[in-house]
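Listed here are the chains, written in short residue letters.
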Number of protein chains: 2
Amino acid sequence: MNTSSNFRIACVMVGLPARGKTYVAYKVCRYLNWLGIKTQIFSVGNYRRQIAGLHPPPTFFDIHNQDGMKKRHEAAEIALNDMIKWYLEEDGIAGIFDATNSTKQDREWIHRELTKLDVQVLFIESICDDPKIIMSNIKDVKLSSPDYENLDPETATEDYMKRINHYEAFYETITEEDLTYIKLINVGSQYIINMIRGYLESRIVYYLMNLHTRPKRIWFSRHGESLYNLEDRIGGDSGLSPRGEQYALKLPEIVKQNIGDRPLTVWTSTMKRTIQTARHLDFPKKQWKALDELDTGVCDGMTYDEIAAKYPEDFARRDEDKFNYRYRGGESYRDLVLRLEPVIMDLERHENILIISHQATIRCMYAYFMGLSHEELPYARIPLHTIIELRPKAFSCEEKLYKVDVGAVDTFRPKGQGARVLKNDTFVCESVGASGEVSDGSKPILPISPIASKTLTNEA
Amino acid sequence: MNTSSNFRIACVMVGLPARGKTYVAYKVCRYLNWLGIKTQIFSVGNYRRQIAGLHPPPTFFDIHNQDGMKKRHEAAEIALNDMIKWYLEEDGIAGIFDATNSTKQDREWIHRELTKLDVQVLFIESICDDPKIIMSNIKDVKLSSPDYENLDPETATEDYMKRINHYEAFYETITEEDLTYIKLINVGSQYIINMIRGYLESRIVYYLMNLHTRPKRIWFSRHGESLYNLEDRIGGDSGLSPRGEQYALKLPEIVKQNIGDRPLTVWTSTMKRTIQTARHLDFPKKQWKALDELDTGVCDGMTYDEIAAKYPEDFARRDEDKFNYRYRGGESYRDLVLRLEPVIMDLERHENILIISHQATIRCMYAYFMGLSHEELPYARIPLHTIIELRPKAFSCEEKLYKVDVGAVDTFRPKGQGARVLKNDTFVCESVGASGEVSDGSKPILPISPIASKTLTNEA
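Predicted, not measured: the structure shown is a model, and the values here were computed from it.

Trainee: Would you mind going over the packing of helix 7 (residues 199-210) of chain B against helix 13 (residues 333-349) of chain B with me for this structure?
Mentor: In a packed pair of helices, the relevant descriptors are the angle between the two axes and the axis-to-axis distance. Residues and elements named next belong to chain B. Contact geometry for helix 7 and helix 13: axes closest at 8 Å, N-to-C directions at 35°. Side by side, helix 7 and helix 13 meet where Arg203, Tyr206, Tyr207, Met209 and Asn210 of the first sit next to Glu341, Met345, Glu348 and Arg349 of the second. Residue composition of the contact of helix 7 with helix 13, grouped by class: 4 nonpolar, 1 polar and 4 charged.

This is how it looks when you write it as structure tokens:
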């Protein structure tokens, strides 16, 4: 990334409660971490709960409640200090300060403290005056806050609305002309963008403009087993093996059974094996060069054994840091993430996309949605002849696997393993029928920060 | 690109005279054409001049001047009809309608006519209340308009200010909530973005947010002559030849003489030959994977003769349509343009960048700044051991070449030529000394459309 060693940015959320601030913070955090930019959320609500306890009454948030005001400011101060410590001691790059920051005075204080340290400050204000959106936000997210544990939903909603009213009494939307900010108005219907200068600010703003909150599903499949897979060779542009062809033939039925009649679009790479895999699917198709498999440079067409023999040092280095290892004349997983960034941006904009691509590329995209770290990413299990369905939710991503009963080699190579565990073995499908659903766990998100991961509300 | 066959978009400019609308139209036009999206500007001012003649008095633009109003509306109607004809008969994708479009009524009419035909309408309003910017815009651009031919600058400026006053009397900024628009306020200090939905809309908006108008220079150099260059081989990751090393050694001096003391940043690809070429330059450096040479797939490491012998049909196909030809398992120039898009976006944001890259990649970037067509792009002359300096201006790009007196092979292969014209010949430098300036022509822009290219004002 274009970030010099001293570059730091703070995304400071602004907005009334239940305006989706934490959702935005969470998405930006995940996106930047995926790009390799060290990012962490500092949620003032969590600090406030530590100071003032759970279940605060709505009047705690009244501007005339001096004790409440004092404790909330104290929480904000500790959170900001922790964020600053994180920049200085842990080489943090992008801190996200999640709170209502609802007055000019609050913002002036944060801006002053951060610019002192040469941290660029980007305010992200979420504005929403659609009561339906606010209510659904309260029901979907807020009632699961620790503040409302063991409370019946109706009482909790009423309580929460009262809390919002207290905030509304003194809320000041951003009008400070000299601040860098983006206002997100009514979930993407309008944006106001002020004084954006830096590269990273501009990336974040573009990302925010691509987000939408309509429910969506994405399906990933690797190409059917290829001739190179059979020979344990990497790279190349070989066609499908007979079993790969079988998988391609079965795909339309699997898609019909599991994806149904949605208006699907199929994206493939430009490589033979993905195009062949998609060819019996009767949907609009798009070929993306960006979905091509990781370029293995001089190792293209070799087996892992051959690589280990010819480039033993490289082979060992790759095992040490698989994410950053770049094949001679080829790519690293880190390169791949950058190459796939426009695909992710497009995926954020769209619903109902089936992507037929390759092991390494799907690992990168899967990692984005599932929040895998750069250490985990290159080892994600993306088996052949399996459709992975993802349903991104506000703060998690549900995953389902549809395995197809056509055998295939297993191309997974665990860390530290010289070559594949089982060579050319036949993968025995566990499922019964053509599309048995094997796993259906709603995977929780990975912790973003020790404190932020505990809960998802931010009001201080 | 993600444009289905029926997809069409119109960028409709909005703004008072001298607010930089035509500049924005021109930049968007060039950017989209470069990406492969057929784009054309329809400038109502040119139609108005055809109908009402040159040198209209300021009162022609008075809202109470019925004859003036009638002629101006007539001009807008013909322009819009021509644009519609262009969509329907010439498969146009992105029409740019350049006029003041300064009332709700104007915009409603355009929006209605275009949405009837399923054309997405993006209004681009340029707002500026800084008198200095407006005056410099009048002086730099407007006084060269055919409307003011043979008039002394002072009289022309006065006349133009009166014209603006007539527009100001009835100007209505966009407030129509249901329209898709971006407002550009005071050259990048603020943006308001409303109801952006589509992919291309979002790309254009992002591009506009990256534009700035500070004067800038960009320098391109290919790597020094490589060992593969000597053998006439393409691709690979070879190091520099002895003459290539000489070039690398001379670079710091050339840079000092011609680029001076500017705070330069050097971007290279990740390939040995560009990194080696840059290694004596004492400036901050950044390696971009996106700047790597065009991937020639299975032909990597071969000579053109070998390719012609082994893949004669491919070789012929490449000559027929070099821009679209994709090497087996490799890339086309079209792929390269997409890969380089983020680099162009970054170049728009920055000043004083020296890029050390490769023949094909520099061709693509050069084509963007010089407005070359996709037919011309793959044949652009980018010789070895030469620094190309570009100074982008509002409507043109100045070019200077600094040749360095270190011989190198000529890797240029003209259309239809089986292999290089001169093999391994030594390039004789025409310049005297280390950095003789060989060419210094301010190249005019290529015509954007038969009418638009004639002049650069748009008021109707």
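Trainee: Please explain the environment of Tyr325 of chain A as it appears in this structure.
Mentor: Residue and element names in this part refer to chain A. Following the sequence through the fold, Tyr325 ends up in the loop between helix 12 (312-320) and helix 13 (333-349). Separated by 10 residues in the primary sequence, Tyr325 and Asp335 place their C-alpha atoms 9.6 Å from one another. Each residue touching Tyr325, except ones within four places of it in the same chain, is listed here: Asp314, Arg317, Arg318, Glu331, Ser332 and Tyr333. Separated by 2.8 Å, the side chains of Tyr325 and Asp314 make a polar contact.

Trainee: Quick question: what am I supposed to make of the interface of chain A and chain B here?
Mentor: Interface size, as often reported, equals the accessible area lost upon joining of the parts. With 31 residues of chain A in contact, the opposing surface of chain B contributes 31 residues. Summing the contributions of chain A and of chain B, the shared interface buries around 2,600 Å²; its carbon and sulfur component is 46%. A per-residue breakdown of the area chain A buries against chain B is headed by Tyr206, Lys289 and Arg349 of chain A, which together make up 21% of the total. Run the count over chain A and chain B and you get 0 salt bridges. If you list the elements that add at least two residues to the side of chain A that touches chain B, you get strand 6 (190-194), helix 7 (199-210), strand 9 (285-287) and helix 13 of chain A. Residues of the side of chain A that touches chain B, tallied by class, amount to 9 nonpolar, 12 polar and 10 charged. Here strand 6 of chain A runs beside strand 6 (residues 190-194) of chain B; their pairing, made up of 5 bridges, is antiparallel. Residue Gln190 of chain A lies in a different strand from strand 6 of chain B, and its bridge partner there is Asn194 of chain B.

Trainee: Is there a simple way to think about the sheet that holds strand 3 (residues 94-98) of chain B in this case?
Mentor: The strands that make up a sheet are held in pairs by hydrogen bonds between backbone atoms, and each pair lies either parallel or antiparallel. The strand order 2(A)-3(A)-1(A)-4(A)-5(A)-6(A)-6(B)-5(B)-4(B)-1(B)-3(B)-2(B) describes an open sheet built from 12 strands, whose pairing is mixed. Because the sheet does not close on itself, it has two edges, and the strands there are strand 2 (39-43) of chain A together with strand 2 (39-43) of chain B. Between one strand axis and the next, the sheet turns through 15° on average, direction left out of account. Inspection of the sheet shows strand 2 of chain B paired to strand 3 of chain B by 5 bridges, in the parallel sense. The residue bridging Gln40 of chain B from the neighbouring strand is Gly95 of chain B, located in strand 3 of chain B.

What counts, and at which threshold
- Residues numbered from 1 in each chain as written.
- Chains lettered and ligands numbered in written order.
- Predicted model: local features only at pLDDT ≥ 70, side-chain atom pairs only at ≥ 80, totals over all residues.
- Heavy atoms only, no water.
- Axes fitted to C-alpha atoms, helices over the stretch in contact; angles between N-to-C directions.
- Helix = DSSP H or I, 4+ residues; strand = E, 2+ residues; numbered from the N terminus.
- Contact = heavy atoms within 4.5 Å.
- Nonpolar A, V, L, I, M, F, W, Y, C, P; charged D, E, K, R; others polar.
- Polar contact = N/O pair within 3.5 Å; in protein donor to acceptor, adjacent residues only side chain to side chain.
- Buried area = accessible area lost by both parts, 1.4 Å probe.
- Salt bridge = Lys/Arg side-chain N within 4 Å of Asp/Glu carboxyl O.
- Pairing = 2+ DSSP bridges.

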